[in-house]
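Structure assessment
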Amino acid sequence: MPENKKKPNPVDIHVGGRIRLRRNMLGMSQEKLGENLGITFQQIQKYEKGTNRVGASRLQAIATILGVPVSFFFEDAPDVPDHTSAGFREDNSTSYVVDFLNSAEGLQLNRAFVKISDPKVRRKLVDLVKALGDEEA
């Protein structure tokens, strides 16, 4: 008997991944996001995996709770035509940033870095990381 499971749409998977990215950046649990939306954390899991498609009004509510515009969820989405003038468009090669922030180390570094209030200390930390990166090259 052949499997008749429908594969999630790549855009739904992308939107779900962006929801997970932003939620993790804020240190918010699936349960907390679900509570704010009046749904279960299992439903949030399904959205984040792309198993269930997020409706327009629900996506707007998620964007409000997570403090981002709805367009955030579609940045670098697959098969979405970009109508922005090429002169003003950001390079689509920024997916490495998303990959980094989705990693455990990237998330930990981001959370720790934003807690540093002194701009000079932040600058020195960036210089240190650059120097360490150059050593491995």
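Up top you'll find the structure we're talking about.
A short tour of the structure in this document, coming up. Quick caveat, the model's predicted, so the values are computed rather than measured.

Roughly 280 Å³ of volume is contained in the second largest pocket. For the second largest pocket, the full set of lining residues is Phe100, Leu109, Asn110, Ala112, Phe113, Ile116, Leu125, Val126 and Val129. Looking at the lining of the second largest pocket, the elements that each hand over two or more residues are helix H6 (104–114) and helix H7 (119–136). Classifying every residue of the lining of the second largest pocket gives eight nonpolar, one polar and no charged.

With that out of the way, let us pick up a nonpolar patch on the surface. Together, Leu125, Leu128, Val129 and Leu132 give the surface a local cluster of nonpolar side chains, amounting to about 330 Å² of exposed area. Position of Val129 relative to the elements: it lies in helix H7. The exposed category is assigned to Val129, whose relative accessible area is 52%.

What follows covers unusual backbone geometry. Phi at Asp76 takes a positive value of approximately 60°, unusual for a residue other than glycine. Following the sequence through the fold, Asp76 ends up in the loop between helix H4 (56–66) and helix H5 (95–102). Looking at Asp76, the relative accessible area reads 33%, which means it is partly exposed.

The rules we used
- Residues numbered from 1 in each chain as written.
- Predicted model: local features only at pLDDT ≥ 70, side-chain atom pairs only at ≥ 80, totals over all residues.
- Heavy atoms only, no water.
- 1 Å grid on protein atoms, 1.4 Å probe; cavity = no way out; pocket = protein on both sides within 12 Å on 5 of 7 lines; lining within 4 Å.
- Points joined across faces, edges and corners; volume = space filled by probe spheres on them.
- Helix = DSSP H or I, 4+ residues; strand = E, 2+ residues; numbered from the N terminus.
- Nonpolar A, V, L, I, M, F, W, Y, C, P; charged D, E, K, R; others polar.
- Patch = residues over 30% accessible without salt bridge, like charges linked within 9 Å, V, L, I, M, F, W, Y side chains within 5 Å.
- Areas by Shrake-Rupley, 256 points an atom, 1.4 Å probe, with all protein chains shown as cover.
- Salt bridge = Lys/Arg side-chain N within 4 Å of Asp/Glu carboxyl O.
- Buried < 20%, exposed > 50% of the residue type's maximum accessible area, 1.4 Å probe, protein only.

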